[in-house]
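Here is what each chain is made of, one letter per residue.
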Amino acid sequence: MIELTIDGDVAHVVLNAPEKRNALDPDALLALGDAYDRAEDAGVRALVLRGEGPGFCAGRDISGVDPATDDVSGYLGGLVTPLLQRMAAFPAPTFAAAHGACLGVGLGLLIATDVVYVADTAKVGSPFAALGATLDSGGHALFLDRLGPHKTLDLIYTGRLMTGAEAVESGLFSQVLPADQVHQATTDAAVRAASGATAAFLASKRLIARIRDERLSLWESVVLENVAQAELCDTSDYREGFAAFQQKRKPEFTGR
C-alpha cells in the first residue's frame, strides 16, 4: 500500500489503500519507513507525501485489533514514534498534500513533514472521544502550541473536526487549496525546492527543530544562525548564489 516513485530529484511517496482511507497497520508503517530510506539512498532533494482515495490517512488500522490484547505501546512507541522521527529528519525538504481525513497517526505524518498543503475538504482534529482513547502522534503538542489549551481541549472533548481552511487559519499548516489543486500545488513546490540550495534549506530545517525542541531564546538562536551561516560558506551553492547575484543571473544550484 506504500508506493515510491522518483522523478528527477523529487521522491513521491503515496499511501495507497483507499478502501480503508489509508489507515496504517504495522506492516504499512514499516513499508513507509523503508520508502523514506530508499528515497534518501537515491539522493533526492525534495519529497512529496500524499494519499490516494477519499482521505489522506485515517490513522491506525484497528480493523483487526482486539482491545483486550492490544499492544498499543508497541504500536505507538515501537513503530509510530521512530517512523515520525525518521520522517522529520529526512535530509531534504519534505512536503505533504493532505485531503479528507487527517487523523491520529495520519495527523502525525503531517506534523513530521516540513510543509503541509491541505485541501478545503481536509478533516483535522481528535475523534478519539468516541473510542475512549486519546490524541497521539504529536497532536497534543501541535494543537497546544497553535491553538492554546482551551481550544485544544474543546476539540478533544467534543471530537469536532476542523476543516482545511480552519486548520490553516489556526496556523497548523501552510496553505489551503481546492481539493483538485492541492496535489499539483504541492508537487510544484517540491520541484522548486529540489532546484534550490539544499544545504541552506537543511540548515534552516535543523535550526527550526532546535529552536522548537530546546525552547531557545532569540539570542541563542542568533548564535546558532551565525554558526550555520559560517558552515554554509564552504558549500558550492553558497559561492554560486553569490556569483549569480553579482553577475545578475539566475543561480544554478546543485545541492552541494
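Note: the structure precedes this text.
Small disclaimer: the values here were computed from a predicted structure and weren't measured. Each residue is numbered by its place in its chain's sequence as written, counting from 1. Where local features are concerned, this predicted model is filtered to residues with pLDDT of at least 70; where side-chain atom pairs are given and counted, the filter is 80 or more; whole-chain, interface and lining totals use all residues. With hydrogens and water set aside, each side-chain value is computed from the structure's full complement of heavy atoms.

1. Some thoughts on the nonpolar core
(1) Moving on: Among the nonpolar cores identified, the biggest contains 47 residues, and Leu32, Leu49, Leu109, Phe143 and Phe173 are the most heavily contacted of them.
(2) Moving on: Secondary structure follows DSSP: runs of H or I at least 4 residues long count as helices, runs of E at least 2 residues long count as strands, and numbering of each begins at the N terminus. Residue contributions to this core peak at 6 residues, all from helix 1 (residues 26-41).
(3) Moving on: Put simply, buried Ala, Val, Leu, Ile, Met, Phe, Trp, Tyr and Cys residues joined by side-chain atoms within 4.5 Å make one nonpolar core. The cut-offs for exposure are 20% and 50% of the maximum accessible area for each residue type, with area from a 1.4 Å probe on protein chains only; residues under the lower value are buried, those over the upper are exposed, and the others partly exposed. Residues Val10, Ala97, Ala119 and Ala194 belong to the second largest nonpolar core, which totals 13 residues.

2. Digging into the packing of helix 7 (residues 198-214) against helix 8 (residues 218-232)
(1) Moving on: Contact geometry for helix 7 and helix 8: axes closest at 10 Å, N-to-C directions at 160°. One element, helix 7, and the other, helix 8, form an angle in the roughly antiparallel class. Of the two possible hands of crossing, helix 7 and helix 8 adopt the one that is right-handed. Of helix 8, the residues touching helix 7 (which contributes Ala199, Ala200, Ala203, Leu207, Arg210 and Ile211) are Ser221, Leu224, Glu225, Ala228 and Leu232. The angle between two axes is taken between their N-to-C directions and runs from 0 to 180 degrees, where each axis is a line fitted to C-alpha atoms and a helix contributes only its stretch in contact. Angles are sorted into four bins: roughly parallel if under 35 degrees, roughly antiparallel if over 145, roughly perpendicular if 65 to 115, and oblique for all others. Crossing handedness follows the turn of the near helix against the far one: under a right angle anticlockwise gives a left-handed crossing, and clockwise gives a right-handed one. Contacts: residue pairs with any heavy atoms within 4.5 Å of one another.

3. Quick word on the pattern of salt bridges
(1) Moving on: A pairing counts as a salt bridge when a side-chain nitrogen of Lys or Arg comes within 4 Å of a carboxyl oxygen of Asp or Glu. Overall, the coordinates contain 14 salt bridges when judged by the stated rule.
(2) Moving on: What emerges from the salt-bridge pattern is a single network uniting Lys20, Asp25 and Asp61.

4. A closer look at the sheet that holds strand 6 (residues 115-119)
(1) Moving on: We treat two strands as partners when DSSP finds at least two bridges between them. Strand order in the open sheet formed by 6 strands is 1-2-3-4-6-9, and the pairing between neighbours is mixed. Strand pairing shows two members of the sheet lacking a second neighbour, strand 1 (2-7) and strand 9 (175-177), which therefore form its edges. Adjacent strand axes in the sheet meet at a mean angle of 20°, parallel and antiparallel pairs treated alike.
(2) Moving on: Contacting strand 1, strand 2 (10-15) and strand 3 (46-51), helix 1 crosses the sheet at an angle of about 10° to strand 1.

So far we have only geometry, and geometry alone does not tell us how the molecule works.
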